[in-house]
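Take a look at the letters that make up each chain.
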Amino acid sequence: MATDSWALAVDEQEAAAESLSNLHLKEEKIKPDANGAVVKTNANTEKADEEEKEDRAAQSLLNKLIRSNLVDNTNQVEVLQRDPNSPLYSVKSFEELRLKPQLLQGVYAMGFNRPSKIQENALPLMLAEPPQNLIAQSQSGTGKTAAFVLAMLSQVEPANRYPQCLCLSPTYELALQTGKVIEQMGKFYPELKLAYAVRGNKLERGQKISEHIVIGTPGTVLDWCSKLKFIDPKKIKVFVLDEADVMIATQGHQDQSIRIQRMLPKDCQMLLFSATFEDSVWKFAQKVVPDPNIIKLKREEETLDTIKQYYVLCNNRDEKFQALCNLYGAITIAQAMIFCHTRKTASWLAAELSKEGHQVALLSGEMMVEQRAAVIERFREGKEKVLVTTNVCARGIDVEQVSVVINFDLPVDKDGNPDNETYLHRIGRTGRFGKRGLAVNMVDSKHSMNILNRIQEHFNKKIERLDTDDLDEIEKIAN
Ligand SMILES: Nc1ncnc2c1ncn2[C@@H]1O[C@H](COP(=O)(O)OP(=O)(O)OP(=O)(O)O)[C@@H](O)[C@H]1O
């Protein structure tokens with residue numbers, strides 16, 4: 001499977017596992033009424049689906065909230081030009097782009113010294129005359145938002161008091177994040193105005209919007225462009241569809257986006273961005289972006305080469321916990337991440353570890369995204385030494401200083417098969433973080449031993465047995 005699709009698969013599998021475990025808890029509560037349970041289970045399944053969808057957007061928002069820097073990527077950028085005979089421009093500095101001075105000032109005030117990898121190629125294409133259409137895929141944190149914000153700001157003519165740029169985001173919260181970037185980058189461009197087309201933002205009937213840039217969610221933007229006529233779509237010069245992969249995971253967004261796109265003039269610049277590029281995203285992208293240039297930056301692969309992997313044989317959850325305590329008793333663990341299969345186990349384990357005197361942080365799906373971001377931030381700052389989590393919450397989060405990862409439960413998909421991709425993602429390191437690491441897997445049944453064996457076979461890497469009752473042996477693994 002290609003990296004991008006596995007990243008997505010992991011997401012979906014974990015979300016499904018989390019939702020299933022959730023479902024399980026809810027079902028327990030409604031057990032007494034057998035007839036009712038059937039009906040309620042359906043309702044719960046729908047709820048689980050909802051949660052799964054919400055999770056993509058939440059994950060994306062979380063990544064934005066905790067990130068303060070560009071994500072490094074050593075891969076080559078692939079560029080597919082619409083006209084293969086035209087020269088391929090790439091810029092190494094923002095000056096080369098001949099931006100309006102107040103925009104260049106805004107870019108430098110944000111601390112950007114030079115374009116990111118993806119921006120080197122995307123910016124000249126987006127700012128070309130005549131403007132070009134673009135489909136761009138690169139992992140979260142590589143500078144896509146900053147790139148299209150710059151493209152929108154460059155095209156605005158402030159004297160024209162009507163919307164000229166339209167940007168679609170999957171959720172209200174994500175739209176706000178993009179709005180913040182526009183405000184920062186447009187700091188020295190005070191005449192430039194921004195409006196949010198999101199539910200709850202009510203305008204008077206018959207009103208026309210005078211702001212230059214509108215960011216919003218597809219449903220509201222569609223209403224504003226068609227039924228309510230707050231925006232004249234024929235005057236839009238730049239159309240941005242951000243987070244296309246998150247967008248299409250939400251029912252209705254795809255159709256609404258296509259309907260909006262059809263109202264725009266033929267010469268409107270269309271730009272689409274996505275962190276992943278599975279087939280469904282690609283099909284959607286082709287529907288909304290005619291004659292595109294395509295830019296792709298593959299996600300950096302993770303490897304197990306620098307990781308020492310062990311497993312511990314236990315009989316039950318309490319023995320797993322004891323093994324964990326023995327590990328902590330024998331070696332110095334600066335910071336560790338511990339993965340559990342369900343929220344319930346994660347909460348239990350966090351409580352038990354706290355009782356033992358550990359400074360524990362718990363990352364759980366029930367928390368608001370902002371709360372999760374705060375927990376991760378504290379852990380990154382070293383305020384807590386142990387982070388207990390389920391995979392849904394932790395996917396995509398790099399905590400560089402963590403050198404010990406414990407799989408309190410082995411990762412399995414919803415059919416109970418080994419989830420190799422999640423295993424790799426939990427304990428693997430990219431080239432950047434090629435530091436040594438330690439992974440300890442807790443095995444508590446024949447079934448989980450079987451899972452472990454299949455993981456070993458899959459990666460063709462031996463996972464050694466560790467006896468956590470033998471302190472000398474534990475000490476050896478730390479060296
Ligand atoms: N050229 C640059 N130089 C330095 N920092 C940059 C540059 N471009 C963007 N950044 C910073 O890098 C971080 C990630 O950028 P950005 O949000 O644009 O990435 P993204 O690919 O859009 O991520 P996501 O997919 O999560 O939206 C932000 O903190 C941003 O301010």
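Residues numbered from 1 in each chain as written. Predicted model: local features only at pLDDT ≥ 70, side-chain atom pairs only at ≥ 80, totals over all residues. Heavy atoms only, no water.

In the nomenclature of an unreviewed UniProt entry, the chain corresponds to RNA helicase from the organism Nyctereutes procyonoides. Listed in UniProt under the heading Catalytic activity (unreviewed entry), the comment for the chain reads: "ATP + H2O = ADP + phosphate + H(+)". (UniProt positions renumbered as here; feature names shortened; annotations may be inferred.)

Further remarks concern empty space enclosed by the protein. Inspection of the entire model under this criterion finds two cavities of 30 Å³ or more. Each pocket or cavity is described by its volume, and for the second largest cavity that value is around 30 Å³. Along its surface, the second largest cavity is lined by F94, F112, Q119, L123, A146, A147, L150 and M185. For the lining of the second largest cavity, the secondary-structure elements that each account for two or more residues are α4 (117-126) and α5 (144-155). (1 Å grid on protein atoms, 1.4 Å probe; cavity = no way out; pocket = protein on both sides within 12 Å on 5 of 7 lines; lining within 4 Å. Points joined across faces, edges and corners; volume = space filled by probe spheres on them. Helix = DSSP H or I, 4+ residues; strand = E, 2+ residues; numbered from the N terminus.)

On to the site of the ligand. Near the ligand lie 20 residues; those nearest to it are K64, R114, S140, G141 and T145. Take S116: an N or O atom from its main chain is 3.5 Å from a nitrogen atom of the ligand. When the ligand sits alone it has 630 Å² of accessible area, and the protein chains cover 85% of it. Ranked by residue count, the leading element in the shell around the ligand is α5, at three residues. Of the residues belonging to the shell around the ligand, the class tally is five nonpolar, ten polar and five charged. (Near = heavy atom within 4 Å. Polar contact = N/O pair within 3.5 Å; in protein donor to acceptor, adjacent residues only side chain to side chain. Areas by Shrake-Rupley, 256 points an atom, 1.4 Å probe, with all protein chains shown as cover. Nonpolar A, V, L, I, M, F, W, Y, C, P; charged D, E, K, R; others polar.)

All right, on to the nonpolar core then. Ranked by internal contacts, the top residues of the largest apolar core, which has 43 residues, are M126, L134, M152 and I213. Top element by residues in this core is α5. It accounts for eight residues. In this view, L134 contacts A122, L125, M126, M270, L271, L272, F273, V289, N293, I294 and I295; residues no more than four positions away in its chain are not counted. Among the nonpolar cores identified, the runner-up in size contains 36 residues, and I66, L304, C393 and L452 belong to it. (Core = buried A, V, L, I, M, F, W, Y, C linked by side-chain atoms within 4.5 Å. Buried < 20%, exposed > 50% of the residue type's maximum accessible area, 1.4 Å probe, protein only. Contact = heavy atoms within 4.5 Å.)

At their nearest, the axes of helix α11 (residues 317-330) and helix α12 (residues 343-355) sit 12 Å apart, and the two run at 45° to each other. When the axis of α11 is compared with that of α12, the two are oblique. In the packing of α11 onto α12, the handedness of the crossing is right-handed. Contacts from R317, D318, F321 and L324 of α11 reach α12 at W348, L349, E352 and L353. Along the lines of polarity and charge, the residues of the contact of α11 with α12 split into five nonpolar, no polar and three charged. (Axes fitted to C-alpha atoms, helices over the stretch in contact; angles between N-to-C directions. Parallel < 35°, antiparallel > 145°, perpendicular 65-115°, else oblique. Left-handed = near helix turned anticlockwise from the far one by under 90°.)

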